[in-house]
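In case you want the letters, here they are:
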Amino acid sequence: MTKSEQLFERACKVLPGGVNSPVRAFRAVGGKPRFIVKGLGSHVLDEDGLEYIDYVGSWGPMVIGHSHPDILKAVYDRMVNGLSFGAPTALEVEMAEKMVEMVPHIEMVRMVNSGTEAVMSAVRLARGTTGRDKIIKFEGCYHGHSDAMLVGAGSGALTQGEPDSKGVTRGAAQDTLMAQYNDLASVERLLDANHGQVAAVIVEPVAANMGVVPPKDGFLQGLRDLCDKHGSLLIFDEVITGFRLAAGGAQEYFGVRADLVTYGKIIGGGMPVGAYAGPRTLMEQVAPCGPVYQAGTLSGNPVAMAAGLTQLRILTDHTEIYTVMETSARYIANHLRESAKQHGVAMQVNQVGSLLCPYFTETPVDCFAAAKTSDTKKYAKYFNEMLSRGVYLAPSQFEAMFVSSAHTQKDLAFTVQAAEESIAALGN
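Since we're looking at a predicted model, the values are computed, not measured.

Draft legend 1. Local environment of the sheet that holds strand β14 (residues 401-402). Sheet architecture is open: three strands sit in the order β11-β12-β14, paired in antiparallel fashion. Each edge of the sheet is formed by a strand with only one pairing partner; in this case those strands are β11 (348-352) and β14. Here two bridges tie strand β12 (residues 355-359) to β14, and the two strands are oriented antiparallel to one another. Across the sheet, the residue bridging to Leu355 is Phe402, located in β14.

So, in structure tokens, the structure goes:
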């Protein structure tokens, strides 16, 4: 039995399913999770000494790779002076100033501790400022595990409040309306049917929790126009896309203005952190300035701020990183398509910026229904073939591959060779 298997056996006795986040359990792909002991650059090392090229990257925030020396130094320099105070520090101010400098259309930021908390708080702010109760989200878009967002978070009702999790009441879900990603007509129908009742439309600008589904031309701007017409706010959930697609996130990349934007661990360089941001007129409705209450003892944690601020400074000092990552992702995507064609394997590969995802289907994937046509058993086999060759992918069909600036040409060449062999093995 390997060390990872031994650890998983122990973990199952004290952790639900042996993990602290469900997707880590490898249940969708079979086998046992690898317990990681170290990450450096584009590689991770497990408890058994096996090394992998990593395309999970802590689910997105490792834009410049694991254990970047500048980030480690910033964390060390900060932590020797204390880990947390429950009081303001200069780093919180510097982080907010940096985010306002980088991101179009935001003037104020509130730090929180996770993407889930950021979304929950932004939705409350939208309801508090508009005086409306209902929220429109999109089937297959994931916005954390707060009760109101666990509707259609990968499956469920197509139009209205049916919770996807036990423990979520119908009351918590009843004001969450379901639209179809990339389908403006579905949004317009809901806004018309609930005239004057919708506080906000929340969307992943790139739907990266059903794999990677890019917005169709005009979709995001269409949402902007519909929200303006109906007096609703537009919330971009940029827990994945923020500071990854571009220095200014999806608002810069797609040229569309959101009213509120939410962020997750990417602004902590991988440490637990989140934030929501927007114009001063909205953000000053948040306590203690305004009547919308939100608080967090560890919000703006100085160690997380030190790590995140260092990463953001690197990204603004080296904007070529975005071109490098996009080029690398496109290289992998093109080779996956070529290999699939060569070996007669039905595959669609979606790629936006440094995000990509292969789907084992003949159907072009532009919404959740199309994503669900992918052969998940074939993905599981592909995943395990890649893992056996030293390439660590997300253990789920409906997650992205995250390319970082640390992935070298050698990594990319190794990856596409492993992919060709793995795709060839699917027919055997």
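Draft legend 2. Broad picture of the sheet that holds strand β3 (residues 51-54). Taken in spatial order, the four strands line up as β1-β2-β3-β13 in an open sheet, and their pairing is mixed. Edge positions in the sheet fall to β1 (36-40) and β13 (391-392), since each has one partner strand and no second. Bridging between β3 and β13 involves two bridges; their strand directions are parallel. Opposite Asp54, over in β13, you have Tyr392 as the bridge partner.

Draft legend 3. Fine view of the nonpolar core. Core analysis: the largest hydrophobic core is formed by 76 residues, its most contacted members being Met99, Phe138 and Phe243. Tallying contributions element by element places helix α10 (residues 302-317) first for this core, with nine residues. The contacts of Phe243, once residues within four sequence positions are left out, are Val63, Met99, Met102, Val103, Gly249, Tyr263, Ile266, Ile267, Leu312, Leu315 and Tyr322. Grouped together as the second largest cluster of nonpolar side chains are 34 residues, Leu336, Val345, Leu387 and Leu393 included.

Draft legend 4. Expanded view of unusual backbone geometry. Cis geometry marks the peptide bond from Ala287 to Pro288, where omega comes out at 10°. Its identity as a non-glycine residue notwithstanding, Phe26 has a phi of 65°, on the positive side. Of note, Phe26 is situated in the loop between α1 (3-14) and β1. Given the relative accessible area of 2%, Phe26 is considered buried.

Draft legend 5. Molecular detail of the pairing of β12. The buried fraction of β12 amounts to five of the five residues, a majority that puts the element mostly inside the structure. Bridge analysis of β11 against β12 gives five bridges, and the strand direction is antiparallel. Directly across from Gln348, in β12, lies its bridge partner Tyr359.

Draft legend 6. Structural view of helix α14 (residues 409-426). Taking 1.5 Å per residue as the helical rise, α14 with its 18 residues ought to reach 26 Å, and the 26 Å between its terminal C-alpha atoms agrees with that figure. Where α14 is concerned, the buried positions are Asp411, Leu412, Thr415, Val416, Ala418, Ala419, Ser422, Ile423, Ala425 and Leu426. Those residues of α14 hidden inside the fold are in contact with β2 (43-46), β3, α11 (320-342), α13 (376-388) and β13.

Draft legend 7. Just helix α6 (residues 184-193), in detail. Along α6, the positions that sit buried rather than exposed are Ser186, Val187, Leu190 and Leu191. Angular distribution of buried residues about the axis of α6 spans 135°; they occupy a single face of the element. Turned more than 90 degrees away from the buried face of α6, the exposed residues are Arg189 and Ala193. On its buried face, α6 is in contact with β5 (134-138), β6 (176-179), β7 (198-203) and α7 (219-230). Where α6 begins, one side-chain oxygen reaches toward the backbone nitrogen of Ala185, 3.1 Å away; that side chain belongs to Asp183.

How each quantity is defined
- Residues numbered from 1 in each chain as written.
- Predicted model: local features only at pLDDT ≥ 70, side-chain atom pairs only at ≥ 80, totals over all residues.
- Heavy atoms only, no water.
- Pairing = 2+ DSSP bridges.
- Helix = DSSP H or I, 4+ residues; strand = E, 2+ residues; numbered from the N terminus.
- Core = buried A, V, L, I, M, F, W, Y, C linked by side-chain atoms within 4.5 Å.
- Buried < 20%, exposed > 50% of the residue type's maximum accessible area, 1.4 Å probe, protein only.
- Contact = heavy atoms within 4.5 Å.
- Expected span 1.5 Å × (residues − 1).
- Arc of directions from axis to C-beta.
- Polar contact = N/O pair within 3.5 Å; in protein donor to acceptor, adjacent residues only side chain to side chain.

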